[in-house]
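Chain and residue survey
Spelled out from the first residue to the last, the chains are:
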Amino acid sequence: MIHQQKDFTHLVGKLQGLSATQIEAHLGLYAGYVKKLNEIEEKLTKADRAQTNYSYGEYSELKRREAVALNGAYLHQLYFENLTAKPGKMPSALEKALIDSFGSVDFYFKDLKAAASATPGWIVTTYSKVDGKLHNYMMFEHHIGLPVHQDVILALDCWEHAFMIDYGTKKPDYLEAFLKNVDWKVVGERLAA
Ligand SMILES: [Fe+2]
């Protein structure tokens, strides 16, 4: 087992607008991705490289799903790490970077919510090594849509499983709840790193 599941049980029942049932169910899915990632990597150590094939082959299928499980595990880790029961003020360096990149913090929130409304996957706020600015990028499933040269500083899970227990189809209400629980200190530390 190379990949370890991190413990986020401290969030259960402690977040604003995200119920214990919702977070517990979500943590269960996260655990599943970590398990599958370890399983895929283990199988890849033995899979016959001669059996690769565009249509089907054990090795080819494992390689096709490897990034799904890896991003499924680590995007969820980033997501739960950037949630907190005790949200604080946004660090000034992060605020400055958001203003430099989006014009204002309000416009960053507006862009984040607009992008989140349009994907069934993820929105990640990144520090781009291409232009030195912050961007919101839209991802599909777990493995499609993240441009190169990006460091993820905030992960927003937009899959229905992240909110449907609490909000049904009312995704805008989930996005408001998410923003109430963001740990801006963690996001600021990721940017500083
Ligand atoms: Fe999720």
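Residues numbered from 1 in each chain as written. Predicted model: local features only at pLDDT ≥ 70, side-chain atom pairs only at ≥ 80, totals over all residues. Heavy atoms only, no water.

Let us look at unusual backbone geometry. Residue Glu-141 is not a glycine yet carries a positive backbone phi of 45°. Among the residues examined, Glu-141 registers a relative accessible area of 35% and is labelled partly exposed. With phi around 60°, His-149 is a residue other than glycine that occupies positive phi space. Tracing the sequence through the fold places His-149 in the loop between strand S2 (134–139) and strand S3 (150–157). (Buried < 20%, exposed > 50% of the residue type's maximum accessible area, 1.4 Å probe, protein only. Helix = DSSP H or I, 4+ residues; strand = E, 2+ residues; numbered from the N terminus.)

For helix H1 (residues 20–46), with 27 residues, the first-to-last C-alpha span of 40 Å sits near the 39 Å given by 1.5 Å per residue. For H1, the elements touching its buried residues are helix H2 (58–81), S3 and helix H5 (164–167). (Expected span 1.5 Å × (residues − 1). Contact = heavy atoms within 4.5 Å.)

We now examine the nonpolar core. In this structure, Tyr-79, Leu-154, Leu-156, Tyr-174, Phe-178 and Trp-184 are the most contacted members of the largest nonpolar core, which totals 54 residues. Two domains each donate at least three residues to this core, and these are domain 1 (14–81) and domain 2 (92–192). Among residues more than four places away in sequence, those in contact with Leu-156 are Tyr-79, Leu-112, Ala-116, Gly-121, Trp-122, Ile-123, Tyr-174, Leu-175 and Phe-178. (Core = buried A, V, L, I, M, F, W, Y, C linked by side-chain atoms within 4.5 Å. Domains from an automatic or database assignment.)

In this section: the packing of helix H3 (residues 92–102) against helix H4 (residues 105–117). Geometry of a packed helix pair, given as the angle between the helix axes and the separation of the axes. Packing of H3 against H4 leaves a shortest axis separation of 8 Å and a crossing angle of 70°. Accordingly, the angle class assigned to the pair H3 and H4 is roughly perpendicular. In contact with Glu-95, Leu-98, Ile-99 and Phe-102 of H3, H4 contributes Val-105, Phe-107, Tyr-108 and Asp-111. In the contact of H3 with H4, the residues fall into six nonpolar, no polar and two charged. (Axes fitted to C-alpha atoms, helices over the stretch in contact; angles between N-to-C directions. Parallel < 35°, antiparallel > 145°, perpendicular 65-115°, else oblique. Nonpolar A, V, L, I, M, F, W, Y, C, P; charged D, E, K, R; others polar.)

Reports of interface size often rely on the accessible area that becomes lost once the parts have come together. Domain annotation of the chain identifies domain 1 (14–81) and domain 2 (92–192). A straight line from the C-alpha centre of domain 1 to that of domain 2 covers 21 Å. Listed as interface residues are 21 residues of domain 1 and, on the opposing side, 26 residues of domain 2. Around 1900 Å² of area is buried between domain 1 and domain 2 when both sides are counted, 58% of it from carbon and sulfur atoms. (Buried area = accessible area lost by both parts, 1.4 Å probe.)

Once that is clear, we can look at the pattern of salt bridges. Counted according to the given criterion, the structure contains 11 salt bridges. Close ionic contact of Glu-39 with Lys-36 constitutes a salt bridge, the shortest N to O distance being 3.1 Å. Residue Glu-39 and its partner Lys-36 are both found in helix H1; the two are separated by three residues, about one turn of the helix. What makes Lys-36 partly exposed here is its relative accessible area of 42%. Measuring nitrogen to oxygen at the nearest pair gives 3.5 Å for the salt bridge that ties Glu-81 to Arg-190. Of the two residues, Glu-81 is situated in helix H2 and Arg-190 in helix H7 (residues 184–192); the sequence distance between them amounts to 109 residues. The partly exposed category is assigned to Glu-81, whose relative accessible area is 22%. In this structure Arg-190 comes out as buried when scored by relative accessible area, which is 16%. What emerges from the salt-bridge pattern is a single network uniting Lys-6, Glu-81 and Arg-190. (Salt bridge = Lys/Arg side-chain N within 4 Å of Asp/Glu carboxyl O.)

Before going further, it helps to spend a moment on the side chain of Asn-136. The topology assignment puts Asn-136 in strand S2. At 2.8 Å, the side chain of Asn-136 forms a polar contact with the side chain of Asp-111. (Polar contact = N/O pair within 3.5 Å; in protein donor to acceptor, adjacent residues only side chain to side chain.)

The subject of this paragraph is the coordination of the iron ion. Here the iron ion is held by the protein donor atoms His-26 (NE2), His-76 (NE2), Asp-157 (OD) and His-161 (NE2), which lie 1.9 to 2.1 Å from it. Metal-centred angles of 86 to 131° between the four donor atoms at the iron ion mark the site as tetrahedral. Expressed as a motif, the donor residue spacing for the iron ion is H-x49-H-x80-D-x3-H. Here His-161 lies in the loop between S3 and H5 and His-76 lies in helix H2, a separation of 85 residues in the sequence. (Donors = N, O, S within 2.8 Å, 3.2 Å for Na, K, Ca; no water. Tetrahedral: all angles 85-135°; square planar, octahedral: opposite > 155°, others 65-115°.)

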